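Close look at the chain arrangement
This is what each chain is made of:
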Amino acid sequence: MRILFLAFILALSACKTNNTNKILFADNPVVAHRGAWKNKNLPENSIAALKEAISLNCTGSEFDVRMTSDNILIVTHDPTYNNLPIEDTTFAELSKKKLSNGETLPTLKDYLLAGMKNNTSTGLVLEIKPSKYKERNSIITEKVIKEVKRLKADPYIKTYISFSYNILLKIKELDPNANTQYLDGSKAPSQLKKDSISGLDYEKNVFKKHPEWIKEAKKLNLALNVWTVNNEENLDLFIAHNFNYITTNEPELLFKRLKKNPVSNGYQLVWSDEFNYKGAPNNKKWVYDIGFISNEEKQYFTSNAKNVRVEKGNLIIEAHKESVANKDYKSNAFKNKSWLHYIPKIDSAKYTSARIKTKGLASWKYGRIDVRAKLPKGIGLWPAIWMLGENRKEVGWPESGEIDIMEYVGFSPDSIFGTIHTKAYNHLKKTQKGKKTFISNPNDTYHTYSLEWTPEKMDFILDDVVYNSFANEHKTTAEWPFDQKFYLILNASVGGMLGGQKGIDDTIFPQHMAVDYVRVFQKKEELQNN
């Protein structure tokens, strides 16, 4: 009986050991670049940095492999170590110099063994650095694969990456099941798919230049990775676009941004303009309002580049003090004088600006809208981010509804407003439902203005903080016309019923609103309703 009991204990122990060694990559996109080294001032590519990445539960920890003159595989990034050229120096000579934390320069064997110990979640992202001697590329690739196989480290290798396409092809030849990602950024997803490369691991600006590759890669079921992303703005961008992996020197920051991004709450990005191009706004996403439009405003809206353009990663909507002819003068249009169709009976305007919208191109029912922007400065200005119902032409305003995600007036420089207008609740009756909140330095600092809209309520949000909520009272469309699609509008107005209450300071011009991005998110059930 005692022998049977001991056998049972040994078998149970073996099961526990096997479970401990099993790795299931963490369900997050965080890849620590050269390990998690920065926050604790550890050496890059050190075993200590690897262990820190494991302790943070990163899905991956990236590291670089080179080969010494005596064909020893080592983990280090630069082609030199302690001012010695790695490929022309023996490991014995290189290893005389310790890392800053006292570690010996790690061999690939040391690194793999460390990555397999007490690790159940963090995959190893192994980059093979191309040799300056091209004939050595095959040798280093063969030795890397052989070492991984010898140590039975395959389950821990999340992916192999390289700037050398030939190295990746060699890996696939040696191990057809290996995951591989290309770093160079020069090949379209279709080419990678054709050559059985598993994914794109491109520098962030490559994806900004080729946003179509993101959609193409997803369609081809290729992994999307991006390097090296370290600030909040870029981290938020690639989180929003649902990248499989984001390689960063700031894994702790990336974990924080993941919690704040709409995708962590079940949303997915359905429409966006990142303005990573130059010239006129994308005509597949935006159309213009031209002329005197509404609300007794004093500007004439144009489509001129002076008033509306994309440059340096921003949409610019710029107001100028200049005379322009009112092309609608003497028409009958001004007879239809409502706040949404106001064409004054004057032959010229003293100001110009721009208003663009997604009408006819994109509209949404429910979801989350995020707009990151800097606002113009000065008395008389009235920039806005807002939405109108698609049925406005049929039923008119205010029956169609209006959602003012953000309004700002220059005479109140430390406040913004979030408001809804309906047949029952609107400013003509002075029954509109709105609220203002304090904003710090909106003219020189970007802020994110957001709306979360569900069948039950709307939340108006400044920098992830809700400051106004409007609940569906479940009465009639007079109170809640918000069960239909709305389109988005961006403008920078001059004067008007609200913006012009304190006059217009003519010394401030030109002034512009700079929009960094517009993103629209929806949940699965909301997509089904659209």
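To be clear, the structure that these remarks concern was listed above.
These figures come from a predicted structure and were not determined experimentally. (Residues numbered from 1 in each chain as written. Predicted model: local features only at pLDDT ≥ 70, side-chain atom pairs only at ≥ 80, totals over all residues. Heavy atoms only, no water.)

1. Section: the sheet that holds strand β23 (residues 433–438)
Operational definition: Here, a strand pair is defined by DSSP locating no fewer than two bridges between the strands. A run of H or I in DSSP counts as a helix once it spans at least four residues, and a run of E counts as a strand once it spans at least two, with each numbered from the N terminus. In this analysis, axes come from line fits to C-alpha atoms, helices being fitted only over the stretch in contact, and the angle between any two N-to-C directions falls in the range 0 to 180 degrees.
Taken together, seven strands build an open sheet; the order of strands is β13-β18-β27-β20-β21-β22-β23 and the sheet is antiparallel. Among the strands making up the open sheet, the edge pair consists of β13 (287–289) and β23. The average undirected angle you get between the axes of adjacent strands in this sheet is 20°. Pairing of strand β22 (residues 415–421) with β23, which is carried by six bridges, proceeds in the antiparallel orientation. The residue of β23 that forms the bridge with T419 is G434.

2. Some points on the pairing of strand β2 (residues 60–67)
Rules: Only protein chains enter the calculation, and the probe is 1.4 Å; a residue is then buried if its accessible area is under 20% of its type maximum, exposed if over 50%, and partly exposed in between.
Counting buried residues in β2 gives eight out of eight residues, a clear majority hidden from the surface. Of the two faces of β2, the one carrying G60, E62, D64 and R66 and the one carrying S61, F63, V65 and M67 are both buried. When strand β1 (residues 30–32) meets β2, the two strands line up parallel, connected through two bridges. Each residue of the ladder has a partner; that of A32, found in β2, is S61. Note: β2 against strand β6 (residues 123–128), six bridges, orientation parallel.

3. A few points about the pairing of strand β9 (residues 199–203)
Along β9, five of the five residues are buried, which leaves the element largely enclosed by surrounding structure. One ladder, built from two bridges, connects strand β8 (residues 180–182) with β9; its direction is parallel. Note on β9: the bridge partner recorded for Q181 is G199.

4. Structural notes on the pattern of salt bridges
Note the cut-off: Salt-bridge detection follows one rule: a side-chain nitrogen of Lys or Arg within 4 Å of a carboxyl oxygen of Asp or Glu.
Counted under the stated rule, the structure contains 29 salt bridges. Each of R34, E44, D64, E127 and K129 takes part in salt bridges that share partners, so that together they form one network.

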